[in-house]
Amino acid sequence: SEGFHAAKTYLQLTWQDDKVPDVELPKGFSLRSFRLGQDEDALTRLQNESFRQNWGFCPNTVEEISARVRLKRCEPEGIIFVVNEGRLSAYNWTFRVSAEAGSTGWIAMTGVHPDYRGRGLGKAAVVAGMEYLRIQKRVEGIELEVDSENAPAMDIYRELGFREVRRATWYEKSQ
């Protein structure tokens, strides 16, 4: 009655298996962690390029990214880059939430530069983040949110064993 309409549905997914799936990077690609004080500009550019055409995305500034990577729950080694000949091709940004009952890992963002899509880098980046959270940080489970219309991401998450636990609908005011 106030002029709003459903615009997007996001799904919260969870993963709680014991073993992280194996995924190999394509030849010529490698992994490395974020370097605090060195990679803020590169992460900002990669994130903005990866998401520039997504609904609701607002480009980030280097200052915003610099502040986010220094938040208490963010660990720089939990931001993992896929690199090809020195060029950042994809990334997975994780964080951890601890409570008395244990800790949960979150995959906050996974982005693939448009020039590198279709090569399996998104899946490799997600698995690298899962390995970091599960093996190095020993989280009990891993969660994430995804746009229900993002078919490539949904395929990756389902293939890796994530399952839906919740839905959230975003609304926009009609013009």
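First, a word on what this report is: a plain description of the structure on this page.

What counts and how
- Residues numbered from 1 in each chain as written.
- Predicted model: local features only at pLDDT ≥ 70, side-chain atom pairs only at ≥ 80, totals over all residues.
- Heavy atoms only, no water.
- Phe/Tyr/Trp six-rings, centres within 6.5 Å; stacked < 30°, edge-to-face > 60°.
- Helix = DSSP H or I, 4+ residues; strand = E, 2+ residues; numbered from the N terminus.
- Pairing = 2+ DSSP bridges.
- Axes fitted to C-alpha atoms, helices over the stretch in contact; angles between N-to-C directions.
- Contact = heavy atoms within 4.5 Å.
- Buried < 20%, exposed > 50% of the residue type's maximum accessible area, 1.4 Å probe, protein only.

Some remarks on the packing of aromatic side chains
- One pass over the full model with this rule turns up six aromatic pairs.
- Arranged with centres 6.3 Å apart and planes meeting at 65°, the rings of Tyr10 and Trp170 form a pair that is edge-to-face. In this pair, Tyr10 sits in strand S1 (residues 4-15) while Trp170 sits in strand S7 (residues 163-173), placing the two residues 160 residues apart along the sequence.
- Both rings, one in Phe34 and one in Phe81, keep their centres 6.3 Å apart while their planes meet at 45°; by these two values the pair is tilted. In this pair, Phe34 is assigned in the loop between strand S2 (29-33) and helix H1 (40-51) and Phe81 in strand S3 (residues 79-84), connecting sequence segments 47 residues apart.

Things to note about the sheet that holds strand S6 (residues 141-147)
- Ordered by their spatial adjacency, seven strands build an open sheet running S2-S3-S4-S5-S6-S1-S7, and the pairing between neighbours is mixed. Lying at the two open borders of the sheet, with one neighbouring strand each, are S2 and S7. Between one strand axis and the next, the sheet turns by 25° as a mean value, whatever way the strands run.
- Alignment of strand S4 (residues 87-99) against strand S5 (residues 102-112), held across ten bridges, turns out to be antiparallel. By the bridge assignment, Val97 is partnered in S5 with Thr104.
- Contacts from H1 reach S3, S4 and S5, with the element oriented near 100° to S4.
- Packed on one face of the sheet, helix H4 (residues 151-159) meets S1, S5 and S6 and runs near 160° to S6.

Thoughts on unusual backbone geometry
- At Glu85, a position not held by glycine, the phi torsion is positive, near 50°.
- With respect to the helices and strands, Glu85 occurs in the loop between S3 and S4.
- You can call Glu85 exposed: its relative accessible area is 77%.
- Phi is positive for Arg138, which is not a glycine, with a value near 55°.
- By the secondary structure assignment, Arg138 is in the loop between helix H3 (121-136) and S6.
- Classification of Arg138 as exposed rests on a relative accessible area of 64%.

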